[in-house]
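Spelled out from the first residue to the last, the chains are:
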Amino acid sequence: MSQRVKIKQILLSDSVNYEVTVKGWVRTFRNNQFIALNDGSTNNNLQVVVNEADTDPAVFRRITRGAAISVTGQIVPSLGAGQKVELKTATLEILGDCDAEVFPIQPKKQSLEFMREIAHLRFRTNTFGAVFRLRHALAFAVHKFFNDKGFVYLHTPIITASDAEGAGEMFRVSTLDPKNPPLNENGDIDYKEDFFGRATNLTVSGQLEGELGAMAFGDIYTFGPTFRAENSNTARHLAEFWMIEPEMAFYELKDNMDLAEEFIKYVIRYTLDNNREDLDFLAQRLAEEEKQKPQAERSPMGLIEKLEFVLNNEFTRITYTEAIEILKNSKPNKNKKFQFPVDEWGTDLQSEHERYLVEKHFQKPVILTDYPAAIKSFYMKQNDDGKTVRAMDILFPGIGEIVGGSQREENYDKLVRRMNELKIPVEELYWYLDTRRFGTAPHAGFGLGFERLVLFVTGMTNIRDVIPFPRTPKNAEF
Ligand code: 4AD
Ligand code: MG
C-alpha cells in the first residue's frame, strides 16, 4: 500500500499521475460515483471517483455521508470543473460506518446554536474546521512571537490558594466530603483537613507567579487555562478560558502598550500570511450572514478588510479621564440612550461605553490608560495624583475588552498599604511581596483573552463557537 498523504498536500501540489492512500470522512456521495472526501487538513475536499462496477456491492453500499474510509489509487487530472485533480480509486476500504439518516450533521445549513448541542461532532463542518485550524494557528503564532523575542514560557499553577485579581470569582478545589465536611470550632469548614491543608481554587490568572518569573528571567509569558466563576452569561464570557500573560521586568506602561500592540498585530498578520484559505472561507460566511441583516446594521468592512485595517492603523491611546469626557458629551449619553448614563468620573465603563468608543467614536482599537484606582486591582502602580493607576485596557471593535494589563507597583510600602486598604491578606502573599523586598524593579505585563482574539480573527460572534467545549453557567457538556 502506498503512503498516506494528507488531502491538503495533494491539493496544493501540481503533480499528477502518482499513487496515494488517503483516509478521511465522506462529506457527500453523488451520482453513485463522486465522493467528496475530507480529512480535516483543509476545508477543501478531495474528489474520489469510484466505479460501481469494479466495487464489491457490500462495500459500495457502505459509502455513506459521515463514514470513515481509506482509498488507494492514482491522482489524475480532473475532467470536471471545480477541481484540478481527483483520485481514481483502485481499492476502497470502509474503516467506520455511518448511518447518514441519523448522523446529526446534515447537508444543509444548520444553526450555530444547534451545532453547540452537537459540539462533539461540529469539527466535521467547514465553519468549525476553519475556526479551529485558525485557533491552532493563533496559538502557534503566540509561542513563535514570544520565543523569537527571547521570552521564557513559564507554567504557572492551575491550582492555587490566591485570588490574583482579588475579585472573589473562584472555583473551589476540594476533596472534602460535601455531605460531611470537617468543621472547626467556629462551625466553618475546616480546610486544614482538605487535600492541600488549606482552601484552594482554580487560578483566575497566572500573573502573580508570572511576576516572580519576570524578576529573574526578565521576560516571561504564560499561556494556559484560567477559570472565573462569574455568572456572566454573555457572548464574550466563559467560565474556563485561555489567557496569555506576558510579564516584563524593566518595562513601564508605554513599553507594555507597545508590546501588546506589536503582539496583536503579529498574530493577526501570521494568520493572514499562513491561513488565508480558512480566513477566506470565514470571510465569505460572514458576508452571507451580513446580507441577512438590515442595511443599517451591516458592518462596513469584510473580515479580511477588518484584519488589515487593524494592521495598518495605530491603536488610539487615551486616558480613562479623556474617555469619560468623550462619553459624557456623546450623543447617546445626551439622548439617554445608554443603559448606564455616564455622569461622573470614577465609574467603571460598561461594554456599551467601550463599544461606543471603538465602534462609533474612534472606529479603531483603543488603549485606555490610567483608570481610577478604585475600579482596578491592588497590584497596579499608583500614579502621583493619588487617584489613578498605571492600568491599560485594549478595546476592540465588536469585542470590547481584549487585553487588560498594567505597570505593577514595585514599591513595597505602597503595595502593602494598598493591600491593607483592600483587606488583601498580606501574610499569605508574602512570596509576592518578597519580589519587592529583594531587588525590586519597575515591571509591567498584560493578559490577553485568547478566545476574544479568536473571535476577532474568525469573525464569529459567540465565544462558545471558538473554544472546542465551552464551559458557561449551567453548562459543562462534553
Ligand atoms: O482584565 P483581566 O481580568 O486581567 C487579568 O487577569 C490580569 N491578571 C492580566 C495581567 O495583567 N496579566 O483579564 C484579562 C483578559 C481580558 O481582557 C479578557 O480578554 C479576558 O482576559 N477575559 C475573559 N475572556 C473570556 N471569558 C472571561 N470570563 C474573561 N475574563 C477575562
Ligand atoms: Mg479586565
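As recorded by an unreviewed UniProt entry, the protein chain carries the name Asparagine--tRNA ligase and is attributed to Chitinophaga chungangae. The UniProt entry for the protein chain carries the following text under Subunit (unreviewed entry): "Homodimer." For the protein chain, the Catalytic activity (unreviewed entry) comment in UniProt is given as "tRNA(Asn) + L-asparagine + ATP = L-asparaginyl-tRNA(Asn) + AMP + diphosphate + H(+)".

A. Broad picture of the environment of Tyr-191. Checked against the element boundaries, Tyr-191 lands in the loop between β8 (172-173) and β9 (200-202). Sequence-distant contacts of Tyr-191, that is, excluding residues within four places in its chain, are made with Arg-172, Ser-174, Leu-176, Gly-197, Arg-198 and Ala-199. For Tyr-191, the side chain forms a polar contact with the side chain of Arg-172, separated by 3.2 Å.

B. Broad picture of the site of ligand 1. In the vicinity of ligand 1, 24 residues are found, and the nearest of them are Glu-165, Gln-207, Arg-228, Glu-245 and Glu-401. Side-chain polar atom of Glu-230 to a nitrogen atom of ligand 1: 2.8 Å apart, as the coordinates give it. Between ligand 1 and Val-403, the relevant distance is 3.5 Å, taken from an oxygen atom to a main-chain nitrogen or oxygen of the residue. Taken together, the elements giving at least two residues each to the shell around ligand 1 come down to β11 (240-249), β15 (400-407) and β16 (443-449). Considering every element that reaches the shell around ligand 1, the biggest residue donor is β15, with five residues.

C. Summary view of the UniProt feature "domain: Aminoacyl-transfer RNA synthetases class-II family profile" (unreviewed entry) in the protein chain. In this structure's numbering, the residues bearing the UniProt feature "domain: Aminoacyl-transfer RNA synthetases class-II family profile" (unreviewed entry) are residues 132-468. Helix and strand shares over residues 132-468 are 38% and 17% respectively, and the end C-alpha atoms of the span are 8 Å apart.

D. Structural view of the nonpolar core. Phe-263 and Ile-264 are the most contacted members of the largest nonpolar core, which has 69 residues in total. Here this core gets twelve residues from one element, more than from any other, and that element is helix α4 (residues 126-148). Residue contacts for Phe-263: discarding those within four places in its chain leaves Val-142, Phe-145, Phe-146, Ile-244, Phe-446 and Leu-448. Counting 32 residues, the second-largest nonpolar core is a separate cluster that includes Ala-164, Val-204, Phe-378 and Val-416.

E. Structural view of the pairing of strand β2 (residues 34-38). Counting buried positions along β2 gives five out of five residues, so the element sits mostly inside the fold. Here β2 shows two buried faces, one formed by Phe-34, Ala-36 and Asn-38 and the other by Ile-35 and Leu-37. In this sheet, β2 lies alongside strand β1 (residues 18-30) in antiparallel orientation, the contact comprising five bridges. Bridge assignment links Arg-30 to a residue of β2, and that residue is Phe-34. Remark: three residues form the turn of the hairpin made by β1 and β2, two consecutive strands paired antiparallel; Asn-31 in that turn has positive phi of roughly 55 degrees. Two elements, β2 and strand β3 (residues 46-49), share four bridges in a ladder whose sense is antiparallel.

F. Quick peek at helix α13 (residues 430-437). Of the residues making up α13, those classed as buried are Tyr-432, Leu-433, Thr-435 and Arg-436. Seen along its axis, α13 keeps its buried residues to an arc of 140 degrees; they face one direction. Turning to α13, the residues buried within the fold contact α5 (207-217), α12 (412-421) and β16. Of the residues flanking the end of α13, it is Gly-439, one or two places downstream, whose phi is positive at about 75 degrees.

The rules behind these values
Residues numbered from 1 in each chain as written. Chains lettered and ligands numbered in written order. Predicted model: local features only at pLDDT ≥ 70, side-chain atom pairs only at ≥ 80, totals over all residues. Heavy atoms only, no water. UniProt positions renumbered as here; feature names shortened; annotations may be inferred. Helix = DSSP H or I, 4+ residues; strand = E, 2+ residues; numbered from the N terminus. Contact = heavy atoms within 4.5 Å. Polar contact = N/O pair within 3.5 Å; in protein donor to acceptor, adjacent residues only side chain to side chain. Near = heavy atom within 4 Å. Core = buried A, V, L, I, M, F, W, Y, C linked by side-chain atoms within 4.5 Å. Buried < 20%, exposed > 50% of the residue type's maximum accessible area, 1.4 Å probe, protein only. Pairing = 2+ DSSP bridges. Arc of directions from axis to C-beta.

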